[in-house]
Amino acid sequence: MVEEKRIQVIGQELWSSLQQKPSASEPGWIDKLFDQLMTDSRFRLQALRFVDAVPALSDDAELVRHFNEYFGDIELEALPRLMSWAIRRGANLTHPALVAPAIRQGVKTVAHRFIAGESVDAVLKLARKLGGEGISVSLDRLGEATVSETEAETYQRAYLTLIERAAAAERAVEDLNLSVKVSSLFSQISPLDQDGSVRALKARLRPILLAAMSARIGVTLDMEQYDYKGIILRLFREIAVEEAFRHWSGLGVAIQAYLRDTDDDLAALSDWVAQRGAPVMIRLVRGAYWDQETVSARLQGWPVPVWTEKSDTDACYERGLQRLFENPLFRPAVATHNLRSIACALALAEAHGRDADGYEFQMLHGMADALAPLVTGRERRLRLYLPFGELLPGIAYLVRRLLENSSDQSILPAISHLDLEQVMAPPSPPAAGMESHPEGFANLPLHRFTDEAERAAFAAALERVNGHLGERYPLHLRRHLAVEERIIDSTNPARPSEIVGVVVRAGPDDAELALRQAQAAFASWSGLGLTERAAFLERTAELLTARRDLFAAWEVKEAGKSWSEADGDVAEAVDFLRYYAQQARALQVRPSPSLPGEANRHEYHPLGIGVILPPWNFPLAIPVGMLSAAIVSGNCAILKPASETPLVAWHFCELLRVAGLPDGVVCCLPGSGAEIGEALVRDPRTHFVAFTGSREVGLHLHRLITGQPTGQHHVKRLIAEMGGKNAIIVDSDADLDDVVAGVIESAFGYQGQKCSACSRVICVGAVHDRFVARLIEAARSLRIGDPADAGNRMGPVISASARQRILEAIESASLTATPAYVGEPPQSSEGHFIAPVIFTDVDEDSPLAQEEIFGPVLAILRAADFEDALRIANGTAYALTGGVYSRSPAHLERASEAFQVGNLYLNRKTTRALVQRQPFGGFKLSGMGFKAGGPDYLLQFLHARCVTENTLRRGFAPDSEA
């Protein structure tokens, strides 16, 4: 590393030059605004959210209403007095047109601080002006979110047009560079399908690179969120060694120093570039997604990929500079606004003999005013990063720039607030220890699939399952005998001719045997303490966690789930086991108030024998959740798995055996619901029924248990979840990038075969047409096929009968609503595939809007205003899940009060509830009982006793001995 002494000398020179620069007599209001952003965290939060909403607020009244909701009780110290007076005065007027222009102008002024222009002509004009001053530029077309292939193709054409216009300009821009966000070129980019993502991106990127190379314009691939890092680096390495580009030195990539992987990534690039043999530009940045990466990782339970201390990022940045300058095939692009980093780069350039053409500094438009002269004054190359485009697609960029100016990881502190010693202090050593995590229950993190090892392990599990297809599985029932065994052929819904496994089918005699074994096991199992039974659940959770990929692979084959959907189901099963174990321990001791002379004890006791009737759509999580709650409470249970997915249930029952569960505590009886399920439900020896499935079956079960057959001396309990007709409200101010992605996932994830799936979207006002247009193109872009292929976003529906039922519902709905989009399933497949179907002009009282279809069919309705949307959303017999996308705090609060659903999701998808964090379940005709994965769930499997003892004997109470 270069000597610290030299860095300090150069830093002193830069500092002196900085102090000599004449300063404005009074900071501008934007500078004051940034000061307030840095010092007032609540103002920062509200300001960023408001700026994000402004482009969607074309109506003056809506703009002023939102302004009041965000800033009603915040003092706007930074705004010019006249603007502040006008806003405060106008916000209380009945004519919002008087104040809305002032608000918009304020936001535009801030935006133009960072966005260099709104058109190609404007930004090229600025680029030529800067070129005359000896400053090079990198152009960045804003608007990185693409939700469909149509939009991705539009972005590709826009890049090509930009290159063509720049090359054909009357006065060409010298040394021009183009920054490309590769995620904008492929809407289906996913770490789960790295091979497919890289392949598609190469096809879209090649024409851009060829055009740029021909026009003598350099191209740098921007680095984006962590999920895409592996894809971007692999794309860069592979396309840069293609024959057309192998010797081109105009290609580069950005590297983010705030990532913990950066040292390893640069080391790998050093080895790679030596093999390539031609120079590449490496733009070293600190990173602009720090908040997003940190919060997302913590929410999901993943390792935080970024350095959590700014000094660690600074140290990583300097290590990165060292590696870049010592490799002659790297052309360093030092992207920074940090005085010490500039000094460090200059010292490294000296030490490694780099002349002014061998590296460059890069800064952001709107953030370089103070520091740019320090670079150009030393006759070093400076390149300004010029974002351009309309405000609406560019708003995400603007918010990130505001975050960079105001977050704890800020790389541009107000230098006037610091002294030279602070500015030039070397990065402090990293803090000892790792980030602490809260004690107690934590959800099992899903696979992120950014790691090649995770993808390889899952693929290996699929291959292992393929090696066991068609095998025979006996009943998990001791002393089971049959003269002639009946079987269930479990088939792959993506390839119905493929038998996944052959399961022995239980009959009435088996049901009787299971009941007797459960009765025999009950005394000893219920006699164990809650703590001992909780330990068994935790042991089972450990075994399941060790086999998570294998269980998920069985779900891919038997249930037609995608990799991520299958992994999520297994993770939820593990969560149920661990959470209910924790909850059981909490019930072990439930104190009751006692007084001298009286001792009270509150106890819980198991109900007896239960019948567990799970669905096929969550073939592991739901049966495990119901079973684990039942047995940890001390009950014995008979599981009748869904006939479509008996193998997953079989493997879990085998896992219970391996974990040491005594015979008879759980009996698994694959077979007919009418033949076995109903008989068990009616039998007077059973005490409760836990069911998840259709409303019709649930209500039928309710009728069955209300009678009192001979010999039954108890009232049976029914715990039932019976589906939904779930709605997402799209408010007029909603962020359609988020909405479209969320609705696609909520409506078409696992082919819409979830009780929590969105089947209705209610659009408020004029947002309808824009939303529908983008949604249709996003649905058209989904890849449908065998879910064993990680690149397929949608797989088959569960069976031929389900497919026929869904097709009949679509045909019937087409008579009263407009089929705005009817997708085409893969023609070459034998599977039970149905592509997304989207209906518009839907009557809110029609069967399409009222009845559950349980497939990839979406109804879109119109609402006059937000209250009307809530009325429509509540106008069904169901109350399970619901969602609202809105940037109005008042509307989000109103939805929280009035949207009648068991699980309400604000500005996120309506699927994937997490155990403990989002206990799941609804009311009305969506079900009965306490919410699964919540603190009350176990109480349904127990009855309570209160024991009171009179401790007073002949005037003496033990409590009063003292």
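How each quantity is defined
- Residues numbered from 1 in each chain as written.
- Predicted model: local features only at pLDDT ≥ 70, side-chain atom pairs only at ≥ 80, totals over all residues.
- Heavy atoms only, no water.
- Salt bridge = Lys/Arg side-chain N within 4 Å of Asp/Glu carboxyl O.
- Helix = DSSP H or I, 4+ residues; strand = E, 2+ residues; numbered from the N terminus.
- Buried < 20%, exposed > 50% of the residue type's maximum accessible area, 1.4 Å probe, protein only.
- Axes fitted to C-alpha atoms, helices over the stretch in contact; angles between N-to-C directions.
- Parallel < 35°, antiparallel > 145°, perpendicular 65-115°, else oblique.
- Contact = heavy atoms within 4.5 Å.
- Nonpolar A, V, L, I, M, F, W, Y, C, P; charged D, E, K, R; others polar.
- Pairing = 2+ DSSP bridges.

(A) Highlighting the pattern of salt bridges. By the definition in use, this model includes 58 salt bridges. For K202, the salt bridge identified is with E238, shortest N-O distance 2.6 Å. Residue K202 is located in helix α9 (residues 194-214), and its partner E238 is located in helix α10 (residues 229-240); the two are separated by 36 residues in the primary sequence. Note on K202: relative accessible area 15%, which makes it buried. Owing to a relative accessible area of 26%, E238 belongs among the partly exposed residues under this scheme. For R234, the salt bridge is made with E238, and the minimal N-O distance between the two is 2.8 Å. Here the residue R234 and the residue E238 both occupy positions in helix α10, the gap between them amounting to 4 residues, near one helical turn.

(B) Focus on the packing of helix α8 (residues 149-168) against α9. At a minimum axis separation of 9 Å, α8 and α9 run at an interaxial angle of 10 degrees. In terms of orientation, α8 and α9 fall into the roughly parallel class. Residues E149, A152, E153, Q156, Y159, L160 and I163 of α8 form the contact with α9, whose participating residues are A203, R204, P207, I208, A211 and A212. Residues belonging to the contact of α8 with α9 are distributed by class as follows: 9 nonpolar, 1 polar and 3 charged.

(C) Looking closely at the environment of P387. Among the structural elements, P387 can be located in strand β8 (residues 382-388). P387 sits in the buried class, given a relative accessible area of 0%. Expressed as a C-alpha distance, the spacing of P387 and F449, which sit 62 residues apart in the sequence, is 31 Å. Sequence-distant contacts of P387, defined by excluding residues within four places in its chain, comprise F114, I115, A116, G117, D140, L142, H365 and Y397.

(D) A look at the sheet that holds strand β10 (residues 486-492). Spatial strand order, β9-β11-β10: 3 strands in an open sheet with mixed pairing. Each end of this open sheet is capped by a strand with a single partner; those strands are β9 (471-473) and β10. Ignoring which end each strand starts from, the neighbouring axes of this sheet average 30 degrees apart. In this sheet, strand β11 (residues 495-505) lies alongside β9 in parallel orientation, the contact comprising 3 bridges. Note on β11: the bridge partner recorded for R472 is V502. Each of β9, β10 and β11 touches helix α24 (residues 646-659); the most contacted strand, β11, lies at about 45 degrees to it.

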